[in-house]
Amino acid sequence: MDELIIKKAVFATSMAKRADYPGGDLPEIAFAGKSNVGKSSLINYLANNGKLAYVSKQPGKTRLVNYYTINSLFYLVDLPGYGYAKVSKAEKKAWAALMQDYFDIAAGLRALLILMDIRHDPTAGDLQMADWAAYYGVPFAVVATKADKVAKSKRFHAAKKMKDYIVANAHTGVNFEVIPVSAAEKKGGAQVLSYIKARLEEVR
Ligand SMILES: Nc1nc2c(ncn2[C@@H]2O[C@H](COP(=O)(O)OP(=O)(O)OP(=O)(O)O)[C@@H](O)[C@H]2O)c(=O)[nH]1
Ligand SMILES: [Mg+2]
């Protein structure tokens, strides 16, 4: 495989509970992050299809694990967002249970991309996600989203600051990259795709 180019992206299925897991027939790359951080927008940008994943101004809209089949070769997995203040305790519990099920069952998971807003310090939920990746032995990278919201000259520094914060506050013990991306300006996608390609080609 040369450069990874997404030629075909189709919605495959949604997982609401463990029994819905599509079965590990293809490797998968999952996207996690706070509600509203830009997970669905990034998937649409990478797939060059503005209508593939549901983008909403209202946070907390994606409550299922959504699978998209890419080039008939692997799945991009849109995980439900976390950290939205207005969800009930019961919904938070359901979210945690679904995530647990996902990590337990996703045998094909090759990498986790954890999206964090470039403008803010990572949240407790973000740090937990990095800890989970390390715990389950899943390689991960951080995608610093909405990079268009900071001046071009400050993006590198913002990504570096984010990395230092995670190293200081999570317990990952493994190295990881921070990739600044703007779905709005269509920037940084090539770096994300090359990270995905490397994880897909890795012999595990
Ligand atoms: N400026 C800017 N806005 C963005 C970018 N990416 C996403 N947004 C906006 O952020 C909001 C949330 O985007 P989504 O892609 O729906 O976020 P999500 O993480 O999938 O949210 P949930 O599904 O609710 O967890 C929308 O209003 C997007 O238009 C970006 O790169 N730049
Ligand atoms: Mg979404």
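Placed above this text is the structure.
Analysis parameters
Residues numbered from 1 in each chain as written. Chains lettered and ligands numbered in written order. Predicted model: local features only at pLDDT ≥ 70, side-chain atom pairs only at ≥ 80, totals over all residues. Pairing = 2+ DSSP bridges. Helix = DSSP H or I, 4+ residues; strand = E, 2+ residues; numbered from the N terminus. Axes fitted to C-alpha atoms, helices over the stretch in contact; angles between N-to-C directions. Contact = placed C-beta atoms within 7 Å. Expected span 1.5 Å × (residues − 1). Buried ≥ 20, exposed ≤ 12 C-beta atoms within 10 Å, placed from the backbone. Arc of directions from axis to C-beta.

1. With respect to the sheet that holds strand 6 (residues 140–145)
Spatial ordering of the open sheet is given by 1-3-4-2-5-6-7, a layout of seven strands whose pairing is mixed. Every other strand in the sheet has two partners, leaving strand 1 (9–15) and strand 7 (178–180) as the edge strands with one partner each. Direction aside, the axes of adjacent strands within the sheet are offset by 25° on average. Sheet topology places strand 2 (residues 28–33) next to strand 4 (residues 74–78); four bridges connect them, and they run parallel. Within strand 4, the residue paired with Ala-30 across the bridge is Val-77.

2. Let's talk about the environment of Pro-180
In this structure, Pro-180 sits in strand 7. Along the backbone, Pro-180 and Pro-80 are 100 residues apart, and their C-alpha atoms lie at a distance of 21 Å. Setting aside residues up to four positions removed in sequence, Pro-180 forms contacts with Ile-118, Ala-144, Ala-147, Arg-155, Ala-159 and Gly-188.

3. Remarks on helix 3 (residues 124–135)
Helix length check: helix 3, at twelve residues, gives a terminal C-alpha distance of 16 Å against a target of 16 Å (1.5 Å per residue), a fit within 8%. Here helix 3 has its buried residues at Asp-126, Leu-127, Met-129, Ala-130 and Ala-133. Along the axis of helix 3, the buried positions cluster into a sector of 155°, meaning they face one direction only. Of the exposed residues in helix 3, the ones pointing more than 90 degrees away from its buried face are Ala-124 and Tyr-135. On its buried face, helix 3 is in contact with strand 2, strand 5 (109–117), strand 6 and helix 4 (152–169).

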